[in-house]
Amino acid sequence: MIRNIANVVGFVLIVVLGSSAAFSQTYPNKEIHAICPFPPANGADLIVRYYAGKLAELSGKAVITENRPGANGIVGTEAVARAKPDGYTIGISPVSSILAAGPHVMKKLPFDPLNDFELIGTLLTVAFVVVVNPSKPVQTISELTKYLKEKKGGSFYGGASNNSIIASELYKKAIGVDVQRVNYRTPVDALNDLASGSIDFYITDVGSALPHIAAGRYRALAIVGAKRTSSLPDIPTMIESGIPVEIPGGWWGGIAPARTPKPIIDKLTTWFEQISALPATTEFIKTYGFDLMAENATTARALLVHDTELWGEYVRRAGFEPQ
């Protein structure tokens, strides 16, 4: 009896594994959908479209970018979690901001960050920078601190991502000034209000801000991270400036629905690694202020677990109440 059950189980495993291997050999045989959890025409959309285009060249099939914005990336990420686990719907997103920070800044997520996804690998890192309207009489983060203290109320900052919100909360707690948050759907909306003078400062990813900084529309004051970024080498970190504020670096990666067959994940991981090795990717990274971070699926998973714990510490330190 036991032997018969074992034989049946073994047969089923052979069939399942064999089907998975056979399926992966023909993958892909149709277009792939890459979900961007943010609107078109911003830094996030730029990243997804670049990697989707290169993935199409390597896979031999069209890779269509789908913008599914909403709730700081939650809507699009949920769409990946709920998709069929066959490799034809993947996500390219700021994994650290959504999956690692998300559980600590939201009371309830519509997915399990650690169990509802397969990690394909990491792609790049994005530094965050404090920017102000250049018409303000501040040249450094210390001068911004002085300005906010002397303003005595009525101060506002923009919040459009988990990274920007937590970093801003840590900053206002460190300087002892009550700065009110104004929530925005996208970084573009926050940057537009910064230009109009509606908010006093905004912490955003360098990729979104760099063209505007170069054009003189915004002034960069400090990097919110452990080290300076190569795209803004003259801008000091907040810690260098005497403000004890730091957040984990934001990193992007590829994700797929849980239970996507491993041979397919392996194939996607290989393609992303090949994209990372391209000279065109090096140029893309350099032009838009990112830093390359090409790690495999196993390392990406370990990093996600590590950063999830780290974000919990930073959110508690900021005194931020989950929304």
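About the thresholds
- Sequence order as written defines residue numbering, which begins from 1 separately in each chain.
- Totals for whole chains, interfaces and linings use all residues, but because this is a predicted model, local features are given only for residues with pLDDT of at least 70 and pairs of side-chain atoms are given and counted only at 80 or more.
- Excluded from the side-chain calculations are hydrogens and water; all other atoms, namely the structure's heavy atoms, are used.
- Where helices and strands are cited, they refer to DSSP runs of H or I of at least four residues and of E of at least two residues respectively, numbered from the N terminus.
- Values of the radius of gyration come from C-alpha atoms, whereas the globule rule sets the reference at 2.2 Å times the count of residues to the power 0.38.
- Burial status follows relative accessibility: with a 1.4 Å probe on protein chains alone, a residue under 20% of its type maximum counts as buried, one over 50% as exposed, and anything between as partly exposed.
- Using a 1.4 Å probe, the Shrake-Rupley method yields the accessible areas, and only the shown protein chains count as cover for residues.
- The charge count includes Lys and Arg as positive and Asp and Glu as negative, but it does not include His or the ends of the chains.
- Charge coordinates come from a single atom per side chain, which is NZ of Lys, CZ of Arg, CG of Asp or CD of Glu.
- What qualifies as a polar contact is a pair of N or O atoms within 3.5 Å, subject to a donor-acceptor requirement within protein and to the restriction that residues adjacent in sequence count only when both atoms come from side chains.
- Pairing between two strands requires that DSSP report at least two bridges joining them.
- Between the N-to-C directions of two axes lies an angle of 0 to 180 degrees, each axis being a line fitted to C-alpha atoms and, for a helix, fitted only over the stretch in contact.
- Salt bridges, as used here, are contacts in which a Lys or Arg side-chain nitrogen is within 4 Å of a carboxyl oxygen on Asp or Glu.
- To qualify as a nonpolar core, a set must consist of buried Ala, Val, Leu, Ile, Met, Phe, Trp, Tyr and Cys residues joined through side-chain atoms within 4.5 Å.
- Whether two residues touch is decided by their heavy atoms; if any such pair falls within 4.5 Å, the residues are in contact.
- Working definition: a ring pair exists when centres of Phe, Tyr or Trp rings (six-membered ring for Trp) sit within 6.5 Å. Plane angles under 30 degrees give stacked, over 60 give edge-to-face, the rest tilted.
- In this scheme, the term charge over a ring applies when either NZ of a lysine or CZ of an arginine sits within 6 Å of the ring centre and within 35 degrees of the ring normal.

Observations regarding the overall build of the protein chain
Of the regular secondary structure elements, the protein chain holds 12 helices and 11 strands. Taking 323 residues into account, the globule formula puts the C-alpha radius of gyration at 20 Å, and the protein chain, at 21 Å, falls close to it. The principal-axis extents of the C-alpha atoms in the protein chain amount to approximately 80 × 45 × 30 Å. Out of the 323 residues in the protein chain, the part that is buried amounts to 52%. Of the roughly 14,300 Å² of accessible surface on the protein chain, a fraction of 56% belongs to carbon and sulfur atoms. Here the protein chain carries 30 positive and 29 negative side-chain charges, and the mean point of each set is 3 Å from the other.

A look at the side chain of S59
For S59, the location among the structural elements is in helix α2 (residues 43-59). The buried category is assigned to S59, whose relative accessible area is 12%. Of the polar contacts made by the side chain of S59, one reaches the backbone nitrogen of K61; its length is 3.3 Å.

Some remarks on the sheet that holds strand β5 (residues 128-132)
Here five strands make up an open sheet; going across it, the order is β7-β6-β8-β5-β9 and the pairing mixed. The open sheet is flanked by β7 (180-183) and β9 (219-223), the only strands paired with a single partner. Neighbouring strand axes in the sheet, compared pairwise and without regard to direction, differ in orientation by 30 degrees on average. Bridge count for β5 against strand β8 (residues 201-205) is four bridges, and the pairing is antiparallel. Paired with V130 across the strands is I203, a residue of β8.

Thoughts on the pattern of salt bridges
Taken as a whole and assessed by the stated rule, the structure comprises 12 salt bridges. Linking K54 and E57 is a salt bridge whose minimum nitrogen-to-oxygen distance equals 3.9 Å. Residue K54 and its partner E57 are both found in helix α2; the two are separated by three residues, about one turn of the helix. K54 sits in the buried class, given a relative accessible area of 17%. Judged by its relative accessible area of 57%, E57 falls in the exposed class. With a closest N to O distance of 3.0 Å, E240 and R228 form a salt bridge.

Comments concerning the nonpolar core
The biggest cluster of nonpolar side chains holds 82 residues, and the ones touching the most others in it are Y51, Y171 and F201. In contact with Y171, other than residues within four places in its own chain, are I141, L144, T145, L148, F201, M238, I243 and V245.

Overview of the sheet that holds strand β11 (residues 290-295)
The strand order across the open sheet built from six strands is β2-β1-β3-β10-β4-β11, with neighbouring strands paired in mixed fashion. The sheet is open, and its two borders are formed by β2 (63-67) and β11, each paired with just one other strand. Here the average twist between neighbouring strands, direction ignored, is 25 degrees. Sheet topology note: the strand β4 (residues 117-126)/strand β10 (residues 250-257) ladder contains eight bridges and is antiparallel. Of the residues in β10, the one forming a bridge with G121 is G254.

With respect to the packing of aromatic side chains
Scanning the entire structure with this criterion turns up 11 aromatic pairs. Summarising the aromatic geometry, the rings of F284 and F290 are spaced 5.8 Å apart at their centres and angled 40 degrees between planes, so their arrangement reads as tilted. Accessibility assignment for this pair places F284 and F290 in one class, buried. Aromatic ring contacts, followed pair by pair, group Y50, Y51, F272, F284, Y288 and F290 into a single cluster. A cation over a ring is seen here: K30 above Y88, with NZ or CZ 4.7 Å from the ring centre. Over the ring of Y314 we find R317, and its NZ or CZ is 4.9 Å from the ring centre.

Read these as layout, nothing more, since geometry by itself doesn't imply function.
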